[in-house]
Amino acid sequence: MWSPEDWFISTTQRLPGLPRTTATMGTTGGGLVLGIGIDWAEEFHDVAFGTPEKGVVEQFRISHGPDGVGALIDRALRLEPDPAEVRVVLETRHGLLVEALIDAGFTVLPVNPDLVARRRGPARKKDDAEDARICCLLALDRHAGLKALVPHGEFGGELRAIARDDERAARDQRRLLNRLRADLQTTYPAALTLAGADLGAPTVLRLLQRWPTQPELAQASRDDLISFARAGRHGWPDRFADQVAAALATPSLPTRDYLVRAKAAGIRLAAVQLLALHEARRGWEQRMAELLLGGRRTGRDHTVTDPDPGNAFPGGAIYLSMAGLGDRLAARVAGEIGEHIEQFTSPNGLQCYAGQAPVTRRSGKSDLVVARRLAHNRYLGDAVHQWAFCSLRQSGWAREFYDQKIAAGKSHHNALRALGNRWLEILWHCLTKGVLYDEAVHVANRNRALGRAA
């Protein structure tokens with residue numbers, strides 16, 4: 001079935017004889033309401049203005065800068081003095097343009113680019129002006145069901161930015177480690193023997209930075225190795241020197257001299273990059289914990305001695321109480337959800353936002369269940385998927401739930417998606433009630449709901 005939004009967009013595009021800038025909508029009864037559609041880009045933005053009485057009335061282009069955005073805001077306020085009645089639809093939730101529109105008091109309605117692409121139709125190619133016009137029509141349609149953007153606060157915005165950077169850095173680490181391992185297999189087998197399963201250890205990376213080839217390492221004396229280990233705060237310098245000697249003495253296939261010379265600079269560069277990523281991620285992890293708990297972790301038990309709730313992310317302790325969520329993963333989930341859990345009126349709203357809730361397509365007597373919705377927050381969806389996997393080792397009921405799905409014929413990822421769906425429901429209830437997660441309480445409630453004996 002078509003929604004009113006589908007009918008409205010289709011009639012303005014396809015009915016013969018209907019002008020492109022005319023809409024068949026009535027007034028809202030509350031004065032002039034201005035709809036703005038923006039197709040954003042890095043250097044400029046295509047803009048469409050419209051009103052409920054006349055539809056799209058004006059289209060133009062502005063530059064991405066204070067002059068262009070300022071002119072857009074002034075132009076809109078001349079047509080509609082009340083900024084709350086200015087509805088802006090665009091295909092992003094973040095960026096300086098979005099922040100400027102929110103600061104102006106406009107109602108910002110972010111949409112997924114797939115929504116605009118479907119309204120454009122399969123036969124139409126990408127066109128910036130046309131996309132701006134479609135966004136304007138969506139802004140004018142009160143029946144579209146679009147939700148206004150609730151911006152992140154200071155702590156939420158910083159947490160989201162750090163968590164996303166940390167996740168990208170983790171991908172960069174895996175890519176660089178795979179490339180470094182391939183180079184070492186060809187030219188430096190002793191380094192792989194010494195590193196074992198932990199090629200990314202800082203001591204190993206510093207060794208590769210100082211001695212990027214096996215012949216250079218073989219020429220280093222025992223005193224050099226001991227001094228190197230002590231400078232790197234290695235706990236057992238003598239043992240480290242013995243391990244290097246044993247790795248050099250391990251038989252291996254001969255390497256090509258020209259490859260050793262050619263790969264030396266690349267190995268040193270990869271080691272330097274990996275060390276920089278390691279230090280950056282370590283600092284980010286400390287900052288994540290500080291934002292979630294309101295203080296720095298100290299001591300061997302890594303606890304916050306004097307937390308300051310006023311400098312903490314709302315509900316940060318609740319996120320960390322969930323099984324499977326550490327500092328990094330909790331920051332990723334919390335940063336994407338934001339401080340305002342009330343924007344999700346039900347657990348299903350949060351599940352849909354994360355892409356965990358299945359989509360059911362019905363036609364007549366047939367039902368088609370799409371495993372994962374396309375329009376969702378992919379950063380949150382990936383974090384919840386990883387959260388579900390990590391909870392298998394820390395939560396008994398989560399492991400039982402996963403095993404039941406596997407026994408029912410579900411795939412590994414489908415089972416994790418269903419488990420993530422359950423975790424989001426639990427998280428929503430804990431955040432809305434302001435209580436920490438308790439495994440025993442949840443297991444008791446689950447057994448009661450399933451009719452089991454305590």
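You'll find the structure just up there.
The following refers to the structure shown. (Residues numbered from 1 in each chain as written. Predicted model: local features only at pLDDT ≥ 70, side-chain atom pairs only at ≥ 80, totals over all residues. Heavy atoms only, no water.)

1. A short note on the overall build of the protein chain
A tally of regular secondary structure across the protein chain gives 19 helices and seven strands. Partitioning the intrachain contacts of the protein chain with sequence separation of at least 6 by distance along the chain shows that 62% fall at a separation of at least 24. Surface exposure of the protein chain reaches about 23900 Å², of which carbon and sulfur atoms provide 53%. (Helix = DSSP H or I, 4+ residues; strand = E, 2+ residues; numbered from the N terminus. Contact = heavy atoms within 4.5 Å. Areas by Shrake-Rupley, 256 points an atom, 1.4 Å probe, with all protein chains shown as cover.)

2. What to know about unusual backbone geometry
Even without a glycine there, the phi angle at Arg-233 is positive, about 60 degrees. Tracing the sequence through the fold places Arg-233 in the loop between helix 10 (222-231) and helix 11 (237-249).

3. Thoughts on empty space enclosed by the protein
Taken as a whole and judged by the stated rule, the model has one cavity of 30 Å³ or more. There is about 60 Å³ of room inside the largest cavity. Tallied by class, the residues present in the lining of the largest cavity amount to three nonpolar, no polar and five charged. (1 Å grid on protein atoms, 1.4 Å probe; cavity = no way out; pocket = protein on both sides within 12 Å on 5 of 7 lines; lining within 4 Å. Points joined across faces, edges and corners; volume = space filled by probe spheres on them. Nonpolar A, V, L, I, M, F, W, Y, C, P; charged D, E, K, R; others polar.)

4. Considerations on the environment of Leu-225
For Leu-225, the location among the structural elements is in helix 10. Separated by 15 residues in sequence, Leu-225 and Phe-240 place their C-alpha atoms 7.6 Å apart. Dropping the residues within four chain positions of it, Leu-225 is found in contact with Trp-211, Leu-217, Ala-220, Phe-240, Ala-241 and Val-244.

5. Observations regarding helix 19 (residues 439-450)
Given a rise of 1.5 Å per residue, twelve residues ought to cover 16 Å, and the 16 Å separating the end C-alpha atoms of helix 19 matches this to within 8%. Within the sequence span of helix 19, burial applies to His-442, Arg-446 and Asn-447. The buried residues of helix 19 all sit within an arc of 135 degrees when viewed along its axis, so they share a single face. Exposed positions of helix 19 whose direction lies more than 90 degrees from the buried face are Ala-440 and Arg-448. Where helix 19 is buried, its residues touch helix 17 (396-407) and helix 18 (412-433). Directly after helix 19, the chain includes Gly-451, whose backbone phi takes a positive value near 75 degrees. (Expected span 1.5 Å × (residues − 1). Buried < 20%, exposed > 50% of the residue type's maximum accessible area, 1.4 Å probe, protein only. Arc of directions from axis to C-beta.)

6. A word on the pattern of salt bridges
The tally for this structure, following the rule as stated, stands at 22 salt bridges. The shortest N-O distance in the salt bridge between Arg-168 and Asp-165 comes to 3.1 Å. Of the two residues, Arg-168 and Asp-165 are both situated in helix 6 (residues 154-187); the distance of three residues between them amounts to about one turn of the helix. Residue classification places Arg-168 among the partly exposed residues on the basis of a relative accessible area of 32%. The partly exposed category is assigned to Asp-165, whose relative accessible area is 34%. Between Arg-222 and Asp-242 there is a salt bridge, and its shortest N-O distance comes to 2.6 Å. Linking Arg-222 in helix 10 with Asp-242 in helix 11, this pair joins segments that are 20 residues apart in sequence. (Salt bridge = Lys/Arg side-chain N within 4 Å of Asp/Glu carboxyl O.)

7. Quick notes on the nonpolar core
With 45 residues, the main nonpolar core has Tyr-319, Met-322, Val-333, Ile-337, Trp-387, Trp-423 and Leu-427 as its most contacted residues. Of all the secondary structure elements, the ones that give two or more residues to this core are helix 6, helix 12 (257-293), helix 13 (316-321), helix 14 (327-337), helix 15 (347-353), helix 16 (378-391), helix 17 and helix 18. The leading source of residues in this core is helix 18, at ten residues. Residues in contact with Val-333, not counting those within four places in the same chain, are Tyr-319, Leu-325, Leu-380, Ala-383, Trp-387 and Leu-427. (Core = buried A, V, L, I, M, F, W, Y, C linked by side-chain atoms within 4.5 Å.)

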